[in-house]
Amino acid sequence: MLSLTNANTTAIDQLCHLLEQLNANYSQPLTVLNNNTIGKHVRHVVEFYQTFLQGLAVGTVNYDNRQRNIRLETDIAFTIEQLTQIKTALQHIDLNKPLQLSVAYTQDAPQQIPTNPTRELAYLIEHTIHHLAILRIAVDAHFSFVNLPNNFGIAYSTVKHQQTKGTTAN
C-alpha cells in the first residue's frame, strides 16, 4: 500500500512527466479549459503544495493565501524544479506536528480548524488527482503527441475498483 507521502510524490512524478513532453503549448489558452492554460492548472497544484509546506513551518495552512506566481504558468523548467523541491520536502515532514487550517468561505474572519499533516496530505492527493484529470481532458483534446500513464488523473479508489472488477471504465 502506498503511503500518503508516496501517493503525493507519485502524482507529482506524473505531473513532471507531462511537463517534460510539453513546450510553448504549456501556456496556450485552450477552449476545453475555458481558455485557461495547462500552466494555470499546474501552478494551482504546485502552489497548494507550497502553501502546505509553508504553513506546516508556522503551524497554520491557508490555501487561499497562495503566491499566484505567473512563472509557474509559463516556465516548465522552473516548475519542474519547484515540483522536485516539493517532493524532497514531503519526504522530511513531521506527520505529528500540530496544525491548523485557516478557511474563510464568506466575508467573515477566517476560521481556524484543527487538522494535521496526514489529513492535509490526503487532501492534497485528492486535489492533485482532480487537476490531473482536468489536464488529461486537455491533453486528450489538444495534444495527441503526449503520452500519459493509464492511471493519470484517476482516483486511487477508482483504480482499485477497476482492478477488483477487471474493468477500465472511470
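Refer to the structure above for everything that follows.
Residues numbered from 1 in each chain as written. Predicted model: local features only at pLDDT ≥ 70, side-chain atom pairs only at ≥ 80, totals over all residues. Heavy atoms only, no water.

Novice: Any chance you could explain the environment of Lys 97 here in plain terms?
Specialist: When you line up the elements, Lys 97 lands in the loop between α4 (76-90) and β2 (99-103). Residue Lys 97 is classed as partly exposed on the basis of its relative accessible area, which comes to 27%. Sequence-wise, Lys 97 and Val 46 are 51 residues apart; in three dimensions their C-alpha atoms are separated by 22 Å. A polar atom in the side chain of Lys 97 sits 2.9 Å from the backbone oxygen of Leu 56. Within the structure, Lys 97 has its side chain in polar contact with the backbone oxygen of Ala 57 (distance 3.5 Å). (Helix = DSSP H or I, 4+ residues; strand = E, 2+ residues; numbered from the N terminus. Buried < 20%, exposed > 50% of the residue type's maximum accessible area, 1.4 Å probe, protein only. Polar contact = N/O pair within 3.5 Å; in protein donor to acceptor, adjacent residues only side chain to side chain.)

Novice: What exactly am I supposed to notice about the nonpolar core here?
Specialist: Among soluble globular proteins, nonpolar side chains are generally buried collectively. One finds Leu 18, Ile 38 and Phe 52 to be the most contacted residues of the largest nonpolar core, which totals 45 residues. Going through the elements one at a time, α1 (4-20), α2 (38-58), α4, β2 and α5 (117-142) are the ones with two or more residues in this core. For this core, the leading source of residues is α2, giving 9 residues. The contact partners of Leu 18, leaving out residues within four places of it in the chain, are Leu 135, Val 139, Val 146, Leu 148 and Phe 152. (Core = buried A, V, L, I, M, F, W, Y, C linked by side-chain atoms within 4.5 Å. Contact = heavy atoms within 4.5 Å.)

Novice: I keep staring at the sheet that holds β2 and nothing clicks. Help me out?
Specialist: As a general point, the strands of a sheet are linked pairwise by backbone hydrogen bonds and lie either parallel or antiparallel. Strand order in the open sheet formed by 3 strands is β1-β2-β3, and the pairing between neighbours is mixed. The sheet terminates laterally at β1 (60-61) and β3 (111-115), the two strands that pair on one side only. Pairing of β1 with β2, which is carried by 2 bridges, proceeds in the parallel orientation. Considered in β2, the bridge of Val 61 is made with Leu 101. (Pairing = 2+ DSSP bridges.)

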